[in-house]
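Summary of structural features
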Amino acid sequence: MLWRTNFLSLPRLTDIFIFIQSLSNGRNSLQSTTGIAGSPRQTRPKIRKRASDATPTPHLDGSLPTVISRGAGFNESNRIASTALQDRSSSSKRVMAQLTNRNLYPPRNPITMAQVTKALHTCLALQETARTVHGKRPFFSILLAPDNETVLASCPSISHIRHSETELARMVADQFSEEYLWQCTMVATWEPCAMCAGTLYWANIGRLVYAAPETELRKLTGENNPENVGLDLPCRHVLGKGQKDIEVIGPVTEGGWDKKVVEASDRYWRPRLHGEQHA
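As the structure is a prediction and not an experimental result, all values here were calculated from the model. (Residues numbered from 1 in each chain as written. Predicted model: local features only at pLDDT ≥ 70, side-chain atom pairs only at ≥ 80, totals over all residues. Heavy atoms only, no water.)

Digging into unusual backbone geometry
Of the consecutive residues Gly250 and Pro251, the connecting peptide bond is found in the cis state with omega at -5 degrees. With respect to the element layout, Pro251 can be found in the loop between β5 (247-249) and α9 (257-274). At Asn148, a residue that is not glycine, the phi angle is positive and equals roughly 65 degrees. Within the secondary structure, Asn148 sits in the loop between β1 (140-144) and β2 (151-156). Located in the positive-phi region is Asn204, a residue other than glycine, with phi close to 70 degrees. With respect to the helices and strands, Asn204 occurs in the loop between α6 (194-203) and β4 (207-212). Residue classification places Asn204 among the buried residues on the basis of a relative accessible area of 0%. (Helix = DSSP H or I, 4+ residues; strand = E, 2+ residues; numbered from the N terminus. Buried < 20%, exposed > 50% of the residue type's maximum accessible area, 1.4 Å probe, protein only.)

Written out as structure tokens, the structure is:
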């Protein structure tokens, strides 16, 4: 059966296009006035808050801090910074005044020969213990307290560069004040070398007592001994070039302490020089 189409009854293409375009425009209009969930979108005006509009955080007691305007804040900061600098300057001046007014050289108690004898006896006994028990070289030193009786510290010879007197001076300088050490006495079996005398000087130890001189040590060790390449520079000469009035007592010939130290030390050096067995 042949069907005939009535073209007049069909909608025109132009009408269809207009209808579709109207639907599209309506959809865009709906999206512009609704949110994601379809509810009307609320547009909030953006308000830029100033720092001065912020509510200050209350203190623990509930009171509010004082709000300072911008100009006054800058002035207050400058005032605080200026005050801090003034306080620091005043503190530095006080410290400098204290350092300047320090008395690094308080009076020392005079030492008696009986106290010297007692100290040298202790020092030589410790040297012998260090030599025979621990294999140390025959050098030893102790530090007496201001009462010239109490032994505060002692030290043997540790190596060819860590001498007894140097190590003792460095050790006590870390433990006691310079004012206190000025009233103390270092007692040594042998005359300190230039290095040891310099360390004693900077540690501010006020008195030195030694039993035997450097010249006798060179006789024991011989010339150019690898264990003791000594300097011909007396400790009095080194300390005398400084600005401190360090008291030096030695060599101690009274009681034969210089000879006792030489004899005890010879027990170490003779076997090394001559290959002899010496107790």
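Let's talk about the nonpolar core
Counting residues in each nonpolar core, the largest one holds 25 residues, and the members touching the most others are Leu120, Ile142, Val187 and Trp190. Contributing elements (two or more residues each) for this core: α3 (113-134), β1, β3 (185-190), β4, α7 (214-221) and α9. Contacts of Val187, omitting those with residues within four sequence positions, involve Ala119, Leu120, Cys123, Phe140, Ser141, Ile142, Leu144 and Val209. Counting residues in hydrophobic clusters, the runner-up holds 21 residues, among them Ala153, Leu168, Met186 and Leu239. (Core = buried A, V, L, I, M, F, W, Y, C linked by side-chain atoms within 4.5 Å. Contact = heavy atoms within 4.5 Å.)

Remarks on the environment of Ala188
Its place among the elements puts Ala188 in strand β3. For Ala188, a relative accessible area of 0% puts it in the buried group. As a C-alpha pair, Ala188 and Tyr210 span 22 residues in sequence and 4.7 Å in three-dimensional space. Those residues in contact with Ala188, other than ones at most four positions away along the chain, are Leu120, Cys123, Phe140, Ser141, Glu165, Val209, Tyr210 and Ala211.

Concerning the environment of Gln183
The topology assignment puts Gln183 in the loop between α5 (178-182) and β3. The sequence separation of Gln183 and Leu144 amounts to 39 residues, and the corresponding C-alpha distance is 9.1 Å.

So, the packing of aromatic side chains
Counted under the stated rule, the structure contains 5 aromatic pairs. Taken together, a centroid distance of 4.8 Å and an interplanar angle of 70 degrees make the contact between Tyr105 and Trp182 edge-to-face. Taken together, the residues span a long stretch of sequence, with Tyr105 in the loop between α2 (70-100) and α3 and Trp182 in helix α5 at a distance of 77 residues. The exposure class assigned to Tyr105 is partly exposed, which follows from its relative accessible area of 40%. For Trp182, a relative accessible area of 4% corresponds to the buried category. The structure contains a cluster of three or more aromatic residues connected by ring pairs, namely Phe139, Tyr268 and Trp269. The ring of Tyr201 is capped by Lys244, whose NZ or CZ atom sits 4.6 Å from the centre of that ring. In this arrangement the basic side chain of Lys260 is found over the ring face of Trp257, its NZ or CZ atom lying 4.2 Å from the centre. (Phe/Tyr/Trp six-rings, centres within 6.5 Å; stacked < 30°, edge-to-face > 60°. Lys NZ or Arg CZ within 6 Å of the ring centre and 35° of its normal.)

Everything listed is a geometric property; what it means functionally is a separate question.
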